[in-house]
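Results of the structural survey
What follows is each chain in one-letter form.
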Amino acid sequence: MTETFLTSAAPVAALTDSRVVRAIRLVWHEADLLDRKRYEEWQDLYCTDGLYIIPIDAQTDDFANSLNMVYDDARMRQMRVTRMTEGYAIAAVDSARTVRTVSRFVVEEVRDDEVTLRSAQVLVAYKRGRHDLWAGDLTHHVRLSDHGDRIARKVVRLVDSEDAVPASGFLL
(Lines give C-alpha, C1' and ligand atoms only; values in the text may rest on other atoms or scores of the structure.)
Protein backbone atom coordinates (compact mmCIF):
# COMPACT_ATOMS: atom_id res chain seq x y z
CA MET A 1 0.00 0.00 0.00
CA THR A 2 1.38 3.40 -0.98
CA GLU A 3 1.42 6.01 1.75
CA THR A 4 0.92 9.54 0.50
CA PHE A 5 0.69 12.68 2.56
CA LEU A 6 0.89 16.39 1.96
CA THR A 7 2.37 19.11 4.12
CA SER A 8 -0.94 20.37 5.49
CA ALA A 9 -1.71 16.96 6.94
CA ALA A 10 1.85 15.72 7.46
CA PRO A 11 3.10 15.29 11.00
CA VAL A 12 6.52 16.56 12.01
CA ALA A 13 7.47 12.90 12.15
CA ALA A 14 7.49 12.94 8.32
CA LEU A 15 11.12 14.12 8.51
CA THR A 16 12.05 10.79 10.04
CA ASP A 17 10.35 8.75 7.31
CA SER A 18 13.12 6.71 5.64
CA ARG A 19 12.02 7.90 2.18
CA VAL A 20 12.27 11.54 3.28
CA VAL A 21 15.67 10.93 4.87
CA ARG A 22 16.91 9.45 1.58
CA ALA A 23 15.66 12.51 -0.32
CA ILE A 24 17.27 14.96 2.12
CA ARG A 25 20.57 13.07 1.90
CA LEU A 26 20.44 13.38 -1.88
CA VAL A 27 19.81 17.14 -1.67
CA TRP A 28 22.74 17.57 0.72
CA HIS A 29 24.95 15.42 -1.52
CA GLU A 30 24.00 17.60 -4.48
CA ALA A 31 24.99 20.74 -2.54
CA ASP A 32 28.35 19.20 -1.64
CA LEU A 33 29.08 18.19 -5.24
CA LEU A 34 28.25 21.70 -6.47
CA ASP A 35 30.48 23.36 -3.88
CA ARG A 36 33.34 21.05 -4.90
CA LYS A 37 32.65 21.76 -8.62
CA ARG A 38 32.08 18.06 -9.31
CA TYR A 39 29.68 18.87 -12.13
CA GLU A 40 29.82 15.52 -13.95
CA GLU A 41 28.84 13.73 -10.74
CA TRP A 42 26.16 16.38 -10.11
CA GLN A 43 24.68 15.73 -13.51
CA ASP A 44 24.48 12.00 -12.74
CA LEU A 45 22.15 12.79 -9.81
CA TYR A 46 19.37 13.64 -12.28
CA CYS A 47 16.86 11.33 -13.94
CA THR A 48 17.25 11.20 -17.72
CA ASP A 49 14.01 13.21 -17.99
CA GLY A 50 14.91 15.44 -15.04
CA LEU A 51 14.69 19.24 -15.13
CA TYR A 52 16.82 21.94 -13.49
CA ILE A 53 14.87 25.22 -13.42
CA ILE A 54 15.51 28.75 -12.20
CA PRO A 55 12.39 30.81 -12.97
CA ILE A 56 12.30 34.58 -13.09
CA ASP A 57 8.72 34.76 -11.79
CA ALA A 58 8.99 33.30 -8.28
CA GLN A 59 5.25 32.57 -8.23
CA THR A 60 4.95 30.57 -11.44
CA ASP A 61 4.53 26.84 -11.69
CA ASP A 62 4.14 26.94 -15.48
CA PHE A 63 7.85 26.79 -16.24
CA ALA A 64 7.49 25.62 -19.83
CA ASN A 65 5.50 28.74 -20.72
CA SER A 66 7.36 31.26 -18.58
CA LEU A 67 10.64 33.08 -18.90
CA ASN A 68 13.37 31.31 -16.93
CA MET A 69 17.01 32.03 -16.20
CA VAL A 70 17.59 28.28 -16.55
CA TYR A 71 15.34 25.56 -17.92
CA ASP A 72 17.63 22.58 -18.46
CA ASP A 73 16.72 19.11 -19.58
CA ALA A 74 19.42 16.40 -19.86
CA ARG A 75 20.85 17.85 -23.09
CA MET A 76 21.09 21.38 -21.72
CA ARG A 77 22.54 20.18 -18.40
CA GLN A 78 25.23 18.33 -20.37
CA MET A 79 26.01 21.45 -22.40
CA ARG A 80 26.20 23.51 -19.21
CA VAL A 81 28.51 20.99 -17.54
CA THR A 82 30.72 20.82 -20.63
CA ARG A 83 31.00 24.62 -20.65
CA MET A 84 31.93 24.58 -16.95
CA THR A 85 34.54 21.82 -17.22
CA GLU A 86 36.17 21.82 -20.66
CA GLY A 87 38.29 24.25 -22.55
CA TYR A 88 38.24 27.98 -22.00
CA ALA A 89 34.98 29.39 -20.75
CA ILE A 90 34.79 32.61 -18.79
CA ALA A 91 32.18 30.95 -16.54
CA ALA A 92 34.65 28.25 -15.56
CA VAL A 93 38.08 29.92 -15.73
CA ASP A 94 37.36 32.50 -13.07
CA SER A 95 34.50 30.82 -11.24
CA ALA A 96 33.76 31.64 -7.63
CA ARG A 97 34.37 29.30 -4.73
CA THR A 98 31.07 28.53 -3.05
CA VAL A 99 29.74 27.31 0.24
CA ARG A 100 26.03 26.63 0.50
CA THR A 101 23.71 25.64 3.28
CA VAL A 102 20.46 23.85 2.50
CA SER A 103 18.01 23.65 5.40
CA ARG A 104 14.42 24.26 6.55
CA PHE A 105 13.12 21.12 4.88
CA VAL A 106 9.36 20.94 4.43
CA VAL A 107 7.84 17.72 3.18
CA GLU A 108 5.32 18.40 0.42
CA GLU A 109 4.51 14.85 -0.61
CA VAL A 110 5.71 11.33 0.06
CA ARG A 111 4.98 8.29 -2.04
CA ASP A 112 6.75 4.96 -2.23
CA ASP A 113 8.58 6.06 -5.39
CA GLU A 114 8.89 9.86 -5.00
CA VAL A 115 9.39 12.55 -2.37
CA THR A 116 8.81 16.27 -2.90
CA LEU A 117 10.69 18.61 -0.55
CA ARG A 118 10.89 22.35 -0.18
CA SER A 119 13.95 23.88 1.47
CA ALA A 120 15.93 27.08 1.81
CA GLN A 121 19.37 27.62 0.34
CA VAL A 122 21.89 30.27 1.29
CA LEU A 123 24.98 30.33 -0.89
CA VAL A 124 28.08 32.43 -0.32
CA ALA A 125 30.29 32.87 -3.37
CA TYR A 126 33.83 34.21 -3.08
CA LYS A 127 35.63 35.65 -6.10
CA ARG A 128 38.35 38.26 -6.48
CA GLY A 129 38.27 39.31 -2.84
CA ARG A 130 34.51 39.75 -2.77
CA HIS A 131 31.69 37.76 -1.17
CA ASP A 132 28.29 37.57 -2.82
CA LEU A 133 25.17 36.16 -1.22
CA TRP A 134 22.58 34.12 -3.13
CA ALA A 135 19.42 32.99 -1.39
CA GLY A 136 16.44 31.07 -2.60
CA ASP A 137 13.74 28.54 -2.01
CA LEU A 138 14.35 25.11 -3.50
CA THR A 139 11.90 22.44 -4.50
CA HIS A 140 13.24 18.97 -5.20
CA HIS A 141 11.21 16.13 -6.66
CA VAL A 142 13.26 13.03 -5.85
CA ARG A 143 12.51 9.67 -7.45
CA LEU A 144 13.32 6.77 -5.19
CA SER A 145 14.66 3.52 -6.60
CA ASP A 146 16.56 0.48 -5.43
CA HIS A 147 19.02 1.35 -8.24
CA GLY A 148 19.73 4.81 -6.84
CA ASP A 149 17.64 7.85 -6.00
CA ARG A 150 17.62 10.64 -8.58
CA ILE A 151 16.41 14.21 -8.94
CA ALA A 152 13.38 14.38 -11.22
CA ARG A 153 13.05 18.15 -10.93
CA LYS A 154 14.83 20.92 -9.07
CA VAL A 155 13.41 24.44 -8.96
CA VAL A 156 15.49 27.30 -7.55
CA ARG A 157 13.37 30.36 -6.73
CA LEU A 158 15.86 33.13 -6.04
CA VAL A 159 14.62 35.79 -3.65
CA ASP A 160 15.79 38.49 -6.06
CA SER A 161 14.87 36.70 -9.31
CA GLU A 162 12.98 39.68 -10.74
CA ASP A 163 15.92 42.05 -10.19
CA ALA A 164 19.11 42.19 -12.24
CA VAL A 165 20.95 38.99 -11.32
CA PRO A 166 24.68 38.90 -12.13
CA ALA A 167 26.26 36.03 -14.03
CA SER A 168 27.16 33.45 -11.43
CA GLY A 169 29.85 31.26 -12.98
CA PHE A 170 28.57 28.38 -10.84
CA LEU A 171 25.47 26.25 -10.56
CA LEU A 172 22.76 26.96 -8.03
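Before any of the text, the structure's been laid out above.
In this report, the structure presented in the accompanying data block is examined.

Thresholds applied
Residues numbered from 1 in each chain as written. Predicted model: local features only at pLDDT ≥ 70, side-chain atom pairs only at ≥ 80, totals over all residues. Heavy atoms only, no water. Helix = DSSP H or I, 4+ residues; strand = E, 2+ residues; numbered from the N terminus. Buried < 20%, exposed > 50% of the residue type's maximum accessible area, 1.4 Å probe, protein only. Contact = heavy atoms within 4.5 Å. Areas by Shrake-Rupley, 256 points an atom, 1.4 Å probe, with all protein chains shown as cover. Pairing = 2+ DSSP bridges. Phe/Tyr/Trp six-rings, centres within 6.5 Å; stacked < 30°, edge-to-face > 60°. Core = buried A, V, L, I, M, F, W, Y, C linked by side-chain atoms within 4.5 Å.

1. Details of the overall build of the protein
Within the protein one finds four helices and seven strands. N-terminal to C-terminal, the α/β element order of the protein is β-α-α-β-β-α-α-β-β-β-β. When burial is assessed residue by residue, the protein has 44% of its 172 residues classed as buried. Sequence-distant contacts, at least 24 apart, represent 59% of the contacts inside the protein between residues at least 6 apart. Here the protein displays about 9,500 Å² of accessible surface, and carbon together with sulfur accounts for 52% of that area.

2. Points about the pairing of strand β2 (residues 46–55)
Of all 10 residues in β2, seven are buried, a share of seventy percent or more. In the sheet, β2 pairs with strand β7 (residues 150–158) via four bridges, with the strands oriented parallel. Residue pairing across strands places Y46 opposite I151, the latter belonging to β7. In terms of strand pairing, β2 meets strand β3 (residues 68–72) through four bridges, oriented antiparallel. Following the sheet pairing, P55 is matched in β3 by N68.

3. Quick word on the packing of aromatic side chains
Scanning the entire structure with this criterion turns up four aromatic pairs. Measuring from centroid to centroid gives 5.5 Å for W134 and F170, while their planes differ by 80 degrees, and the two rings are edge-to-face. Of this pair, W134 sits in strand β6 (residues 130–143) while F170 sits in the segment after β7, and the two are 36 residues apart along the sequence. Taken as a pair, W134 and F170 share a single burial class, namely buried. Through successive ring pairs, a cluster of aromatic residues spans W42, Y46 and Y52.

4. Structural notes on the nonpolar core
Counting 37 residues, the largest nonpolar core has W42, Y52, L117, F170 and L172 as the members making the most contacts within it. Elements that contribute at least two residues to this core include exactly α1 (18–35), α2 (39–43), β2, α3 (74–85), β4 (97–110), β5 (114–127), β6 and β7. The dominant element in this core, judged by the number of residues it contributes, is α1, at eight residues. Those residues in contact with L172 that sit more than four places away from it in its chain are L34, Y52, I54, R100, Q121, L123, W134, K154, V156 and L158.

Purely geometric numbers; function is a separate question.
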